[in-house]
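The lines below spell out each chain.
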Amino acid sequence: MLASYAVRVDSSLGRRYPEPPHPYRDDFQRDRDRIIHARAFRRLENKTQVFTHRISDHFRTRLTHTIEVAQISRTIAGALHLNESLVETLALVHDIGHPPFGHAGERALDLAMHESGESFDHNLHALRIVESFEQRYASHPGLNLTFEVREGIIKHSHDYAPEAYPQLAEYLLDQRPPIEAQLIDHTDEIAYNTADLDDGYEAHLLTLDQIRRDVAIFDRYFRQVEREFSAVREKLKFNEALKLMLNHLVTDLIENTSRRLQSSGVQTVEDIRHYPERLAAFSPTTNGERAQAKEFLNRNLYHSESLRPQKADGEKIVTDLFQYWMSNPYDLPTSYQRQLESETRARVVCDYLAGMTDNYIIDLHKKIVGNGVRSGA
Ligand code: MG
């Protein structure tokens, strides 16, 4: 059933700490299950995607976004005869390193780290989570995931220059990741470009006219829906058009990636690894439409005036608490104080903050900064 260039679980480069096989789950299925049962995965429920939960319960959280990425990824992997379990695992883990407050939190954390000459990167943080912060097993630290899953965590969205990241040398930075990992960046975008139009419209931050004027792919399907269902109320037409847009993006990604795989002549995972470019891609036309939708969301939603107070609050909370623990490291929880022996103070503070949910960090900020300074431990 698998394509010749799909990753085969029996050819996996394996786990850091060898484990006996499971009688009825293969290693990628076990990795998927380990991620679903991880604390960092549960915390995604209370992490902002675009809207904080304080605005409405209807909108995507980072957890429901993750589940949507997994659904889209499985569909595409099945159609391309790729390793569905590996793709699903990579989708479920792809946002596990995100800090509270979405990109605002990420930016604030990165800026705070820059003052100490360091930086924050959510893919690198995700690797630290699965390698050491998740403490669940007696026999080894972290989740002891297979090489291919750890590699996908690092390489799914972009390349890391080997000379800039010597600590990641084991992940073959000079090679492309398998096609299963290459897909994730695109399925992530399909999921959020469509979901954020939906949530933005539902939140009355985007209007139908505005979307139709500036997002050609949506408008094309909306016209089709209007011809078919002229009497139906606007929201249902909106839903239909959005569904057709999502289907178009998925179909194009399947068909164009399949074409590229055929014409490249790749036969094996090794061929994909050594091919000079990534082979998972939208067609040029659809890629243009995808970029237009993303640019529209950037301009009208992510950077909108309406979301500015929410983002400013998030940035302030992260920055205040970062500064607090930089000045008061002995107020950190004991487990983080132990880490101070092997890591810089900034990295330990960053790790602690990045793991927090929106709810937790808001409460902590009230306690420590809002109502006079007390121990955060
Ligand atoms: Mg994502």
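Residues numbered from 1 in each chain as written. Predicted model: local features only at pLDDT ≥ 70, side-chain atom pairs only at ≥ 80, totals over all residues. Heavy atoms only, no water.

On to the confidence of the model for the chain, then. Looking at the chain, pLDDT values average 94 and 97% of them are 70 or higher. Low pLDDT, under 50, characterises residues 372-377; the predicted model gives this stretch 18 contacts beyond four residues in sequence or across chains. (pLDDT = per-residue confidence, 0-100. Contact = heavy atoms within 4.5 Å.)

A separate point is the nonpolar core. Core analysis: the largest hydrophobic core is formed by 82 residues, its most contacted members being I35, I76, I211, F218 and M245. Residue contacts for M245: discarding those within four places in its chain leaves T194, L197, I217, F218, Y221 and A293. Grouped together as the second largest cluster of nonpolar side chains are 26 residues, F101, A108, I317 and I368 included. (Core = buried A, V, L, I, M, F, W, Y, C linked by side-chain atoms within 4.5 Å. Buried < 20%, exposed > 50% of the residue type's maximum accessible area, 1.4 Å probe, protein only.)

Turning our attention to the packing of aromatic side chains. Per the stated rule, a full pass over the model turns up eight aromatic pairs. Considering the side-chain rings of F218 and F222, the 5.9 Å spacing of their centres and the 25° angle between planes classify their relative orientation as stacked. In this pair, F218 and F222 both sit in helix α10 (residues 216-228), four residues apart, roughly one turn of the helix. The exposure classification of F218 matches that of F222, with both residues buried. (Phe/Tyr/Trp six-rings, centres within 6.5 Å; stacked < 30°, edge-to-face > 60°. Helix = DSSP H or I, 4+ residues; strand = E, 2+ residues; numbered from the N terminus.)

Axis separation between helix α5 (residues 102-114) and helix α14 (residues 308-327) bottoms out at 8 Å; the angle between their running directions is 35°. Considering only the axes of α5 and α14, their crossing is right-handed. In this structure, α5 contributes A104, G105, R107, A108, L109, A112 and M113 to the contact, and α14 contributes K311, E315, V318, T319 and F322. Looking at the contact of α5 with α14 residue by residue, the class counts come to seven nonpolar, two polar and three charged. (Axes fitted to C-alpha atoms, helices over the stretch in contact; angles between N-to-C directions. Left-handed = near helix turned anticlockwise from the far one by under 90°. Nonpolar A, V, L, I, M, F, W, Y, C, P; charged D, E, K, R; others polar.)

The subject of this paragraph is the coordination of the magnesium ion. Taken together, H65 (NE2), H94 (NE2), D95 (OD) and D188 (OD) make up the full set of protein donors to the magnesium ion, lying 2.1 to 2.5 Å away. Within one chain, the residues donating to the magnesium ion are spaced in sequence as H-x28-H-D-x92-D. With H65 in helix α3 (residues 62-79) and D188 in helix α8 (residues 179-202), this residue pair connects regions lying 123 residues apart in the sequence. The exposure classification of H65 matches that of D188, with both residues buried. (Donors = N, O, S within 2.8 Å, 3.2 Å for Na, K, Ca; no water.)

Our focus in this paragraph is the environment of Y17. Within the secondary structure layout, Y17 lies in the segment before α1 (27-36). When neighbours within four sequence positions are excluded, Y17 is seen to be in contact with H140, P141 and N144.

Let's shift gears to the pattern of salt bridges. Using the criterion set out here, one finds 39 salt bridges in the structure. Across the pair D27 and R15 runs a salt bridge whose closest N-O atoms are separated by 3.3 Å. Of this pair, D27 sits in helix α1 while R15 sits in the segment before α1, and the two are twelve residues apart along the sequence. The class for D27 is partly exposed, based on a relative accessible area of 24%. On the accessibility criterion, R15 (13% relative accessible area) is buried. Ionic pairing is found between E19 and R30, a salt bridge with its closest N-O pair at 3.6 Å. In this pair, E19 sits in the segment before α1 while R30 sits in helix α1, placing the two residues eleven residues apart along the sequence. Beyond isolated ion pairs, a larger network of salt bridges with shared partners links R15, E19, D27, R30, D31 and R34. (Salt bridge = Lys/Arg side-chain N within 4 Å of Asp/Glu carboxyl O.)

The end-to-end C-alpha separation of α10 is 19 Å, in line with the 18 Å expected for 13 residues at 1.5 Å each. By the burial criterion, the buried members of α10 are I217, F218, D219, Y221, F222 and V225. The inward-facing, buried residues of α10 abut α9 (208-214), α11 (234-264) and α13 (284-302). (Expected span 1.5 Å × (residues − 1).)

Here the focus is the side chain of H365. The residue H365 is located in helix α17 (residues 358-370) in this model. Ignoring sequence-local partners within four residues, the contact set of H365 consists of K316, I317, D320, L321 and G370.

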